[in-house]
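# Architecture and fold: a report
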Amino acid sequence: MLSSSQSSSLIHRIQQRLSQFPDYRMPFSIYMSSCIYDQEGGYYTKSSEKVGPAGDFYTSVYVGDAMALIIERYIQLRCSIREWKDKSYRIVEWGAGTGKLAEQLLDILQHSDCRPMEYVIVESSPYHRSVIKERLANNACPIPVVCWDEQNYFEQTEEMPIFFIANELLDAFPVERIRRRNSKLEQAYVIWNREKSMFEYEWAEAEAYVSQWAVLHDISLHEGQIYDAGIAASEWLDRVLQASVDCEGLFIDYGDGTRQLTAAHRMNGSLLCYRNHQAYDDPFAAPGDQDMTADVDFDIVERIASLSGCEVLPRMDQKQFLVENGVLDLLQNHSDADPFSEKARSNRKIRQLLLSDQMSERFKVMAISKG
């Protein structure tokens, strides 16, 4: 059932796009890209709240400011190791979303010993860019904030060292759904079912580039098993890291290694949709009105980073990253019996970040160093 006129228009545009493909079917990645990035009706591009109580999901930066505090500590640590001086590097946050992390980091960084020359935001969504502009309009931090597009990055990445931050970015790229059937590799296509008036899957032999990617990254599936291949994310990451000369980076996202994502108990892939804080696996339920995402395969991400000349630091989950960088130091002793006091609320948010629904274990942190 269509939930809005925007959804109806988006569905019409996807139908028109389908007519341009042989057999009126498109690879799933193109359908997913249309649903989340269509300039008029895509989930990420249209004007609607996505994060927080009025949105569809939460992120770690909405659970207090502990994540920002620890990221800043890590930035200062790497600046010291690399002997970067004050205002000698840029921070580049790619996929900044609502700008919440940027706001928190800027408040903290202005008091740091090694501040960036500027804080660069790369955000493709016009709606989110407007939200960021409004959020940071009255920010008193003296660190300049600038907006780049992808081309700006490639043109200016060699100018000075970069500290790269990508928090829940890689999971937002469209995926190809692939499966093993009768010992052959198939991929999911999307067609329009006129009788049901809805999109649905059609499986067929995988295209050559999909099969080659699966072989390159040693994707071995059980019979009937589905795997969500992050081909677009891997190609983007390769371009960005190949272009980088002198950089440090943090990639924070939910996911796992290839062996875990292709284990026998994970037969249906990792694709999930989020709407009104409910998770389900139907990508056709509400095109344009639901988030669509899949787990990141960190074995592939790390392989690409290594091949791009980066040193990949040992992988850890988010909980381990927070603890090793001193999050427990942020817990405050207090004798106040009021559970809503400032210290009590701060302590509760840190515990929530570490313990809530095992999310901190699901999230992984990949740290890189190049140059």
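Structural data are supplied above this passage.
What counts, and at which threshold
- Residues numbered from 1 in each chain as written.
- Predicted model: local features only at pLDDT ≥ 70, side-chain atom pairs only at ≥ 80, totals over all residues.
- Heavy atoms only, no water.
- Helix = DSSP H or I, 4+ residues; strand = E, 2+ residues; numbered from the N terminus.
- Buried < 20%, exposed > 50% of the residue type's maximum accessible area, 1.4 Å probe, protein only.
- Contact = heavy atoms within 4.5 Å.
- Areas by Shrake-Rupley, 256 points an atom, 1.4 Å probe, with all protein chains shown as cover.
- Phe/Tyr/Trp six-rings, centres within 6.5 Å; stacked < 30°, edge-to-face > 60°.
- Axes fitted to C-alpha atoms, helices over the stretch in contact; angles between N-to-C directions.
- Parallel < 35°, antiparallel > 145°, perpendicular 65-115°, else oblique.
- Left-handed = near helix turned anticlockwise from the far one by under 90°.
- Nonpolar A, V, L, I, M, F, W, Y, C, P; charged D, E, K, R; others polar.
- Arc of directions from axis to C-beta.
- Salt bridge = Lys/Arg side-chain N within 4 Å of Asp/Glu carboxyl O.

## Description of the overall build of the chain
Within the chain, the regular secondary structure consists of 13 helices and 17 strands. Classification of the 371 residues of the chain by burial places 53% in the buried group. Relative to all contacts within the chain whose residues are 6 or more apart in sequence, the contacts with residues 24 or more apart total 76%. In the structure as shown, the chain presents an accessible area of about 17400 Å², 48% of it carried by carbon and sulfur atoms.

## Concerning the packing of aromatic side chains
Taken as a whole, this structure holds 21 aromatic pairs when the rule is applied. Ring centres 4.9 Å apart and planes at 70° place the aromatic pair Tyr 201 and Phe 284 in the edge-to-face group. Placement of Tyr 201 in strand 8 (residues 198-205) and of Phe 284 in the loop between strand 12 (278-280) and strand 13 (291-293) is noted, with a sequence separation of 83 residues between them. For Tyr 201, a relative accessible area of 27% gives the class partly exposed. Judged by its relative accessible area of 9%, Phe 284 falls in the buried class. An aromatic cluster is built from Phe 28, Tyr 31, Trp 192, Phe 199, Tyr 201, Trp 203 and Phe 284, whose rings are joined through pairwise contacts.

## Some thoughts on the packing of helix 8 (residues 231-243) against helix 10 (residues 298-307)
Running from amino to carboxyl end, helix 8 crosses helix 10 at an angle of 30°, the nearest separation of the two axes being 9 Å. The angle between the axes of helix 8 and helix 10 places the two elements in the roughly parallel class. Here helix 8 runs over helix 10; the crossing is right-handed. Seen from helix 8, the contacting residues are Ser 234, Leu 237, Asp 238, Leu 241 and Gln 242; seen from helix 10, they are Ile 300, Val 301, Ile 304, Ala 305 and Leu 307. Residue composition of the contact of helix 8 with helix 10, grouped by class: seven nonpolar, two polar and one charged.

## What about the side chain of Arg 78?
Note on placement: Arg 78 falls in helix 3 (residues 66-82). Residue contacts for Arg 78: discarding those within four places in its chain leaves Phe 163, Glu 248, Leu 313 and Ser 369.

## So, unusual backbone geometry
In this structure, Lys 87 is a non-glycine residue whose phi angle is positive, near 65°. In this structure, Lys 87 sits in the loop between helix 3 and strand 2 (90-94). Since its relative accessible area comes to 49%, Lys 87 is described here as partly exposed. With a phi angle near 55°, Asn 182 is a residue other than glycine that sits in the positive phi range.

## Concerning helix 5 (residues 126-136)
Residues of helix 5 that are buried: Tyr 127, His 128, Val 131, Ile 132 and Leu 136. The buried residues of helix 5 occupy one face: seen down the axis, they fall within an arc of 150°. Away from its buried face by more than 90 degrees, helix 5 exposes Lys 133 and Glu 134.

## Here we look at the pattern of salt bridges
Pairs can form between side chains of opposite charge once their charged atoms are near each other. On inspection of all chains with the given rule, the structure shows 18 salt bridges. For Arg 135, the salt bridge is made with Glu 103, and the minimal N-O distance between the two is 3.0 Å. Note that Arg 135 is positioned in helix 5 and Glu 103 in helix 4 (residues 100-109), a separation of 32 residues in sequence. Taken together, the shared-partner salt bridges connect Arg 78, Arg 82, Asp 246 and Glu 248 into one network.

## Details of the packing of helix 3 against helix 4
When two helices pack together, their arrangement is captured by the angle between the axes and the distance separating the axes. Two numbers describe how helix 3 lies on helix 4: the axes approach to 9 Å, and their chain directions differ by 55°. Our classification of the angle between helix 3 and helix 4 gives oblique. At the point where helix 3 passes helix 4, the crossing takes the right-handed sense. Of helix 4, the residues touching helix 3 (which contributes Ala 68, Leu 69, Ile 71, Glu 72 and Gln 76) are Leu 101, Gln 104, Leu 105, Ile 108 and Leu 109. Of the residues belonging to the contact of helix 3 with helix 4, the class tally is seven nonpolar, two polar and one charged.

## Some thoughts on the environment of Gln 156
If you trace the backbone, Gln 156 turns up in helix 6 (residues 150-156). A C-alpha to C-alpha distance of 9.8 Å links Gln 156 and Ala 243, two positions 87 residues apart in sequence.

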